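Understanding the architecture of this molecule
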Amino acid sequence: MKTFCLIALMAVTAGAAARAQSSTITAPQPLRATDIYADSMVFDGNGHTVTYHRNVRVIAPDMKLTCALLVADLPPSGGHVSRIVAETNVVIDFLDGKGQTNHATSDKAIYDYNMQGTLTNETVTLTGHASVTNAQGSWIKGEPITWDRVNNRVSAPNEQMSIKQNTSSVMGSTNSPAPKTNKPVAPKLF
Amino acid sequence: MKWSSAVLVLSAFAALIFSGARGRAQPAAASHATDFTNVEYYAQPNQTQMKSRLTGAEAQPLAGELLIIKHLKLEMFSTNGHPQAVVEAPECVYDMRNNTANSAGHLQLQSGDGKIRAEGDGFLWRQDDSFLTISNHVHTVIETGPEVNIGL
């Protein structure tokens, strides 16, 4: 896994993991609600899909998504949504573990969820002009960008990255000299 | 899925309504029925399982095998009998010839477990292929547990 995978979104998913962990030891929490707005919707009772058209907005406690078309596969017997495809001008703003907003854009975003035995696979795949930018302005581009939500990793083949230093933290640091090395110091992106 | 000769259960006026509508272009508001019910069953081997049930508190005939149904309630079931979704609307026009229901008015939809709710204005329900289109101002609410995430 490349550098980005080691530093990017660890905080994001750490926050999610913390929430999951806390939910196991604390009292029952109120249900989360996700709102979906759209101009129109088609429910296919035979195909078990719901399709939202035009001006689609998904608003969850830690994420906002907009796109022009969104298709969700519904499991016939209920339970977890297995696949969601968002298409055309996909914009996702999500909170990381620090509560900072990250910004993702792509032509298409695919959420997949499945269980194979005891293993859970849960990924979000961004394709088509995909990029993720954090609150500091650092960004990653690649085709596709895959967010493995189970293993808390983001990866992209042939990735391009731009890392912006947090100058305020550098200015406010002590006078200790910077380590002499030829390797660039990679700040935390997310 | 074919709507077979879907069971149309109307109260005492039913026979008169349908014969009038088909035979002599019954004018609107000539009569009305209460407790309208239209049931569709699954094909074999689940032919004893109800696929959907469309009910209305009142049904008023129009020309062209149309019915104005008040207080529409459409229930959809899975092959094991569990409710999949419930649709409710104050009023709709039911086309007996094409097995469709539509309205420009408001509609509410709820999944069988109540965790997904949707509403909007203007809809078309095609019974033959179980398609429900909500045309305007769609709002869906999905409730999940605190540790559950629907993704994205």
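Quick caveat: nothing in here was measured; it's all calculated off a predicted structure.

Moving on, we get to the pairing of strand β1 (residues 32-38) of chain A. Strand direction decides the pairing type here: β1 of chain A and strand β8 (residues 131-144) of chain B, joined by seven bridges, are antiparallel. Bridge pairing in β8 of chain B links Tyr-37 of chain A to His-139 of chain B.

The next subject is the confidence of the model for chain A. In low-pLDDT regions, the fine details of the predicted coordinates are not to be read closely. Per-residue confidence for chain A averages 75 on the pLDDT scale, and 68% of its residues sit at or above 70. Note on residues 170-190 of chain A: pLDDT under 50 across the span, and 21 contacts to partners over four residues away in sequence or across chains.

Right, let's talk about the pairing of strand β3 (residues 49-60) of chain A for a bit. Residue and element names in this part refer to chain A. Pairing of β1 with β3 involves three bridges; the strand directions are antiparallel. Across the sheet, residue Ile-36 finds its bridge partner in β3, namely Val-58. Taken together, the five bridges between strand β2 (residues 40-44) and β3 define a ladder with antiparallel strand orientation. Following the sheet pairing, Ser-40 is matched in β3 by His-53. Both β3 and strand β4 (residues 63-73) contribute to a ladder of ten bridges, which runs antiparallel. Bridging across to β4, Ala-60 finds its partner in Met-63. The antiparallel pairing of β3 with β4 creates a hairpin that spans two residues between the two strands.

Time to look at the environment of Cys-92 of chain B. Residues and elements named next belong to chain B. Topologically, Cys-92 is positioned in strand β5 (residues 83-95). Expressed as a C-alpha distance, the spacing of Cys-92 and Ala-104, which sit twelve residues apart in the sequence, is 8.0 Å. Setting aside anything within four residues of it in sequence, one finds Cys-92 in contact with Ile-69, Leu-72, Ala-101, Asn-102 and Ser-103.

Calculation criteria
Residues numbered from 1 in each chain as written. Chains lettered and ligands numbered in written order. Predicted model: local features only at pLDDT ≥ 70, side-chain atom pairs only at ≥ 80, totals over all residues. Pairing = 2+ DSSP bridges. Helix = DSSP H or I, 4+ residues; strand = E, 2+ residues; numbered from the N terminus. pLDDT = per-residue confidence, 0-100. Contact = placed C-beta atoms within 7 Å.

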